[in-house]
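Descriptive analysis of the structure
What follows is each chain in one-letter form.
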Amino acid sequence: YFQTMTPAPTTDPTPTNTPAAPQPSALPPPSEPSSSGPPTWKSTISQPPASEGTIPIPHRKPLLRLELRDLSSAGSQAFLRLLHASYALEDAVNSVLRLLYTGLDTDCIPPTRSVTLILRSMDGVAYTTGKDLDDDHKEIHFSTDYISQISDTRLKEEMKGVIVHEMVHCWQHNGQGTAPGGLIEGIADWVRLKAGYAPPHWRPHGDCDWDAGYERTGYFLEWLEKKHGPDIVRRINEGLRGCKYEEGEFWDKCCGSSIGKLWKGYQGTLE
């Protein structure tokens, strides 16, 4: 179960001395696929550079579903007006697989069998959970109340950004539930950042703990890429597969240093 996202401001926030809490938002994503026909698997986002290989393919192509609890709600109507659900969901899956699993064996990819995007009235923004009977079937719950409050100028990009973030939770590893929640959320926002959805108000912050989560940890992970190679987040995610998270051992194995020293190094670049 992942409870994610706090509401984004509908107007520009007034600058203060206290950094604003992480908020969902997004820059304009790549253009929509051609409407000449339905997309084929792996075709809905631009291919990565040759050095990164092609988008990894899981053993089973996941079934993607859309469920709308109230077609008459303003949020549901806005979603249907602005997004093609199959394109948006496949684009999100492909982004996650490319960024977290390129160069890794297919067996490293979680056996997610289906993802259902559920649009419904609820508090908050969105969360992802597995079905009680089978955790390989995931559900992304997305608030139509939240959708209806976003300005039209940002609405399409915001919905795509939220879907990409939540889709990460359908495919990432979590140290058998022992990894820090801030790291899990930071990886999700790192994917969003690398997929081209970095919101204009996001900024690196060092005035917090390394696992503050969301974009604050996401930018820290981006910095780790520069210091320890472009595959560092893939190695971090892989290190959380099938075993419990032990902080000292984990970071020494991934980066050859303690998380405290790594965070201080990052903070030094922000001074």
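Please read these numbers as outputs of a predicted model, since none were measured by experiment.

The rules we used
Residues numbered from 1 in each chain as written. Predicted model: local features only at pLDDT ≥ 70, side-chain atom pairs only at ≥ 80, totals over all residues. Heavy atoms only, no water. Buried < 20%, exposed > 50% of the residue type's maximum accessible area, 1.4 Å probe, protein only. Helix = DSSP H or I, 4+ residues; strand = E, 2+ residues; numbered from the N terminus. Pairing = 2+ DSSP bridges. Salt bridge = Lys/Arg side-chain N within 4 Å of Asp/Glu carboxyl O. Contact = heavy atoms within 4.5 Å. Polar contact = N/O pair within 3.5 Å; in protein donor to acceptor, adjacent residues only side chain to side chain. pLDDT = per-residue confidence, 0-100. Disulfide = S-S within 2.5 Å.

As a further point, take the pairing of strand 5 (residues 137-143). Along any regular strand the residues' side chains alternate between the sheet's two faces. A large share of strand 5 lies buried, amounting to seven of its seven residues. Side chains H137, E139, H141 and S143 project from strand 5 onto one buried face, and the interleaved K138, I140 and F142 project onto a second face that is buried too. Where strand 3 (residues 114-120) meets strand 5, seven bridges bridge the pair, whose relative direction is parallel. Following the sheet pairing, L119 is matched in strand 5 by F142. Bridge count for strand 4 (residues 126-130) against strand 5 is five bridges, and the pairing is antiparallel.

Backbone geometry follows two general trends: most residues other than glycine have a negative phi, and most peptide bonds adopt the trans configuration. Even without a glycine there, the phi angle at Q176 is positive, about 55°. A positive phi angle is found at Y214, which is not glycine, with a value near 50°. The topology assignment puts Y214 in helix 6 (residues 214-228). Y214 gets classed as buried once you look at its relative accessible area, which sits at 17%.

Evaluation of the coordinates by the stated rule reveals seven salt bridges. The shortest N-O distance in the salt bridge between K138 and D135 comes to 3.0 Å. Of the charged contacts, one joins E225 and K194 as a salt bridge, the two residues approaching to 3.4 Å between their closest N and O atoms. A residue pair is termed long-range when its members are at least 10 positions apart, and E225 in helix 6 and K194 in helix 5 (residues 181-194) qualify at 31 residues.

Here we take up the environment of D189. Of note, D189 is situated in helix 5. By relative accessible area, which is 2% here, D189 ends up buried. Between the C-alpha atoms of D189 and V162, which are 27 residues apart in sequence, the distance is 9.6 Å. Not counting chain neighbours up to four residues away, the residues in contact with D189 comprise H165, W202, Y214 and E215. Among the polar contacts listed, one links the side chain of D189 to the side chain of H165, at a separation of 2.8 Å.

Once that is clear, we can look at the confidence of the model for the chain. Residue-level pLDDT values for the chain average 86, and 80% of them are 70 or greater. Here residues 11-52 is a poorly scored stretch, pLDDT under 50, and it has 96 contacts once near neighbours within four places are set aside; other chains count.

Looking now at the state of the cysteines. In the structure shown here, the tally under the stated rule is zero disulfides. Cysteine C255 is unpaired, with the sulfur of C254 as its nearest cysteine sulfur at 5.5 Å. Residue classification places C255 among the buried residues on the basis of a relative accessible area of 10%.

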